[in-house]
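Listed below are the residues making up each chain.
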Amino acid sequence: QVQLVESGGGLVQPGGSLRLACTASGSAFSRYTMGWYRQAPGKQRELVAHITNGGDTIYADFVKGRFTISRDNAKSTVYLQMNSLKPEDTAVYYCNAYSLLEFWGQGTQVSVSS
């Protein structure tokens, strides 16, 4: 069993930056592909980025060049650095861990508004 706890969300002005963190409890963090998803009101949850246990990354087209995913296996933590934020980035951001099983965090709200 893996428990995921996100942090770092908040309110930021357009063009600003935030860094989300997701810390996992339980064992074998390094084995998991870790991902960030988001869900805006009235929309489906969508993949933002993920990073494999080997460090390979995939980004959604709408965040390429603005967001960076990284992981620190020693701290059992995955990060999402978000730069040049836009109002359309407003959503609840969820952390995901995937191996043979899949786990989700509770989500953290990101709001981009002037």
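Structure's up top.
In this report, we go over the structure that sits alongside the text. Please read these numbers as outputs of a predicted model, since none were measured by experiment. (Residues numbered from 1 in each chain as written. Predicted model: local features only at pLDDT ≥ 70, side-chain atom pairs only at ≥ 80, totals over all residues. Heavy atoms only, no water.)

**Some thoughts on the pairing of strand β1 (residues 3-7)**
In the case of a regular strand, side chains alternate between the two sheet surfaces.
Working step 1: Where burial is concerned, the two faces of β1 differ: the one with L4 and E6 is buried and the one with Q3, V5 and S7 is not.
Working step 2: By the bridge criterion, 5 bridges tie β1 to strand β3 (residues 18-25) in an arrangement that is antiparallel. Pairing of L4 across the sheet is with A24, part of β3. (Buried < 20%, exposed > 50% of the residue type's maximum accessible area, 1.4 Å probe, protein only. Helix = DSSP H or I, 4+ residues; strand = E, 2+ residues; numbered from the N terminus. Pairing = 2+ DSSP bridges.)

**Here we look at the pattern of salt bridges**
Working step 1: By the definition in use, this model includes 4 salt bridges.
Working step 2: The residue R38 makes a salt bridge to D89 at a minimum N-O spacing of 2.9 Å. Taken together, the residues span a long stretch of sequence, with R38 in strand β4 (residues 33-39) and D89 in the loop between β8 (77-82) and β9 (91-98) at a distance of 51 residues. Neither residue differs from the other here; R38 and D89 are each classed as buried.
Working step 3: K64 is the salt-bridge partner of D61, the closest N and O atoms lying 3.1 Å from each other. (Salt bridge = Lys/Arg side-chain N within 4 Å of Asp/Glu carboxyl O.)

**So, the packing of aromatic side chains**
Working step 1: The final tally for this structure, using the stated rule, is 2 aromatic pairs.
Working step 2: Where Y32 meets F103, the ring centres are 6.2 Å apart and the plane angle is 70°; that geometry is what we call edge-to-face. Placement of Y32 in the loop between β3 and β4 and of F103 in strand β10 (residues 102-104) is noted, with a sequence separation of 71 residues between them.
Working step 3: Residue class for F103 comes out buried when judged on its relative accessible area of 9%.
Working step 4: Where Y37 meets W104, the ring centres are 5.0 Å apart and the plane angle is 65°; that geometry is what we call edge-to-face. (Phe/Tyr/Trp six-rings, centres within 6.5 Å; stacked < 30°, edge-to-face > 60°.)

The quantities given are spatial measurements derived from coordinates; they are silent on function.
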